[in-house]
Amino acid sequence: MNAQKNNFMFISEKREDVTGLFRLTCRDAISSDSSGIIDPYDAESIVKIYTECIDGDCSPCVELAVFCSEYAKIYSYSPLDLIDKSEYEASQQQIAQIAYLRNAFADKAYRKAAALFDKVSAVYLPGFREVCEEVYYGRSTYALLPIFSSNDGQLSSFRQLISKYDLNIIFAVDVKLSDEGFMRYALLRKGLRDANCCGKINYLDISVVAENDFRLGEFLSSCEYLGASVTSVNAYPREYSENSSLVYITFDISQAEFGALCLFLEVSHIRYTPIGAYNIK
């Protein structure tokens, strides 16, 4: 996704300029995005929806969220309708291979994750990097990694591994620890094709490139307007840039307008990457 310096997400122009800029942004999203999220024939009508639904008291970023909410309701937009279940159904006829670093807690997580599949086998690896490489190079279908601890919060080193090897969270399990805490393990694969086949999606993880003009507070407020509750936010410096950071955000979307939220992420032109769409068992 291409970031644009003067897009709707980051503007602070006068309100009378907002509608015109939104029209251009919307048309640009239509022409540059091949996923067909917005019908190009609706360009003028959706601008009309936008101008009618704003109340004049919120930031441009929140106004865009309001529009996305209205658009998703009128056109019954749902990104889950675009997910092809045929590959998942075909995979159920094969043996699902889950790679992980074996220990007592990981074994418990494996048994919970294995219940998703009709046929499954474990692949034991000597390290976490090897686990990720096993899936990245296609030798196994799934990886199992710890991503969160009730004692330490988000495990940043594992988040970075997930990003490095381009893996996605499709399911998560909590395993009780001896001190009454818990460790959360993620079932990962390349792509989110199985996401809605592993039960209801209650959590959404994304990473966002935060540059100097990115307003994190406005962005999170807009997502919360759409019902996405922020459960964690963690920022890390980007390896090749001194002027930006990578922000990992986890949303509880159990009460969210999921279609509107996905639409908002697309048309706002933020530089984001979906990391996971999953349920926790």
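Residues numbered from 1 in each chain as written. Predicted model: local features only at pLDDT ≥ 70, side-chain atom pairs only at ≥ 80, totals over all residues. Heavy atoms only, no water.

S.K.: When you look at the overall build of the protein in this model, what are you seeing that I'm missing?
M.R.: Secondary structure assignment for the protein yields nine helices and ten strands. Each of the 281 residues in the protein was classed as buried or not, and the buried ones make up 52%. In the form shown here, the protein has an accessible surface area of approximately 13500 Å², with 48% of it arising from carbon and sulfur atoms. (Helix = DSSP H or I, 4+ residues; strand = E, 2+ residues; numbered from the N terminus. Buried < 20%, exposed > 50% of the residue type's maximum accessible area, 1.4 Å probe, protein only. Areas by Shrake-Rupley, 256 points an atom, 1.4 Å probe, with all protein chains shown as cover.)

S.K.: I tried to follow the side chain of Glu133 on my own but got confused; where do I start?
M.R.: For Glu133, the position within the fold is in helix α6 (residues 128–136). Reaching out from Glu133, the side chain makes a polar contact with the side chain of Tyr165 at a distance of 3.2 Å. (Polar contact = N/O pair within 3.5 Å; in protein donor to acceptor, adjacent residues only side chain to side chain.)

S.K.: Help me out: how do you make sense of the packing of helix α8 (residues 216–225) against helix α9 (residues 258–267) in this one?
M.R.: Any two packed helices are characterised by the angle at which their axes cross and by the distance between the axes. Their axes nearest at 9 Å, the elements α8 and α9 cross at an angle of 150°. In terms of their interaxial angle, α8 and α9 are classed as roughly antiparallel. Taking contact as the criterion, the partners of Phe219, Ser222 and Cys223 in α8 are, on α9, Leu261, Phe264 and Leu265. Grouping the constituent residues of the contact of α8 with α9 by class yields five nonpolar, one polar and no charged. (Axes fitted to C-alpha atoms, helices over the stretch in contact; angles between N-to-C directions. Parallel < 35°, antiparallel > 145°, perpendicular 65-115°, else oblique. Contact = heavy atoms within 4.5 Å. Nonpolar A, V, L, I, M, F, W, Y, C, P; charged D, E, K, R; others polar.)

S.K.: I would appreciate a short explanation of the side chain of Asn202 in the present structure.
M.R.: With respect to the helices, strands and loops of the structure, Asn202 is situated in the loop between β6 (182–189) and β7 (203–210). Exposure remark for Asn202: the relative accessible area of 15% places this residue in the buried category. Setting aside anything within four residues of it in sequence, one finds Asn202 in contact with Phe251, Asp252, Ile253, Ser254, Tyr278 and Asn279.

S.K.: Explain the nonpolar core here, please?
M.R.: Considering soluble globular proteins, one finds that nonpolar side chains tend to be buried as a cluster. Core analysis: the largest hydrophobic core is formed by 44 residues, its most contacted members being Ile98, Leu144, Tyr185, Leu187 and Leu188. For this core, the secondary structure elements donating two or more residues are β1 (96–100), α5 (104–114), α6, β3 (142–149), α7 (156–164), β5 (168–176), β6 and β10 (272–278). When sequence neighbours within four positions are dropped, the list of residues in contact with Tyr185 reads Asn103, Phe105, Ala106, Ala109, Leu144, Leu145, Pro146, Phe171, Ala172, Val173 and Val175. If you look at the next biggest cluster of nonpolar residues, it comprises 34 residues, including Ala65, Ala72, Ala228 and Ala256. (Core = buried A, V, L, I, M, F, W, Y, C linked by side-chain atoms within 4.5 Å.)

S.K.: Teacher, can you tell me more about the pairing of strand β2 (residues 120–124) here?
M.R.: For a regular strand, side-chain orientation follows a simple rule: the groups alternate between the two sheet faces. Taken together, the five bridges between β1 and β2 define a ladder with parallel strand orientation. Within the sheet, the bridge partner assigned to Gln97 lies in β2 and is Ser121. For the crossover from β1 across α5 to β2, the handedness is right-handed. (Pairing = 2+ DSSP bridges. Right-handed = clockwise from strand over helix to strand, strands pointing away.)

S.K.: Mind showing me how you'd approach the confidence of the model for the protein here?
M.R.: Interpreting fine coordinate detail is not advised for predicted regions of low pLDDT. Of all residues in the protein, 67% have pLDDT values of 70 or greater, and the mean over the chain is 76. Element-level mean pLDDT values for the protein span from 45 in helix α1 (residues 15–32) up to 96 in α6. Confidence over residues 1–25 falls short of pLDDT 50; this stretch has 58 contacts with residues more than four positions distant or in other chains. (pLDDT = per-residue confidence, 0-100.)

S.K.: How do you make sense of the packing of aromatic side chains when you look at a structure like this?
M.R.: Each pair of aromatic rings is reported with the distance of its centres and the angle of its planes. This structure, assessed with the given rule, holds ten aromatic pairs. Taking the centre distance of 5.8 Å and the plane angle of 75° together, the rings of Tyr136 and Tyr165 count as edge-to-face. Taken together, the residues Tyr136 in helix α6 and Tyr165 in the loop between α7 and β5 connect sequence positions 29 residues apart. Tyr136 sits in the partly exposed class, given a relative accessible area of 34%. Relative to Tyr278, the ring of Tyr203 lies with its centre 5.8 Å away and its plane at 20°, an arrangement referred to as stacked. Taken together, the residues span a long stretch of sequence, with Tyr203 in strand β7 and Tyr278 in strand β10 at a distance of 75 residues. The class for Tyr278 is buried, based on a relative accessible area of 2%. One Lys or Arg, Lys190, reaches over the ring of Tyr136 and ends 4.6 Å from the middle of that ring. (Phe/Tyr/Trp six-rings, centres within 6.5 Å; stacked < 30°, edge-to-face > 60°. Lys NZ or Arg CZ within 6 Å of the ring centre and 35° of its normal.)

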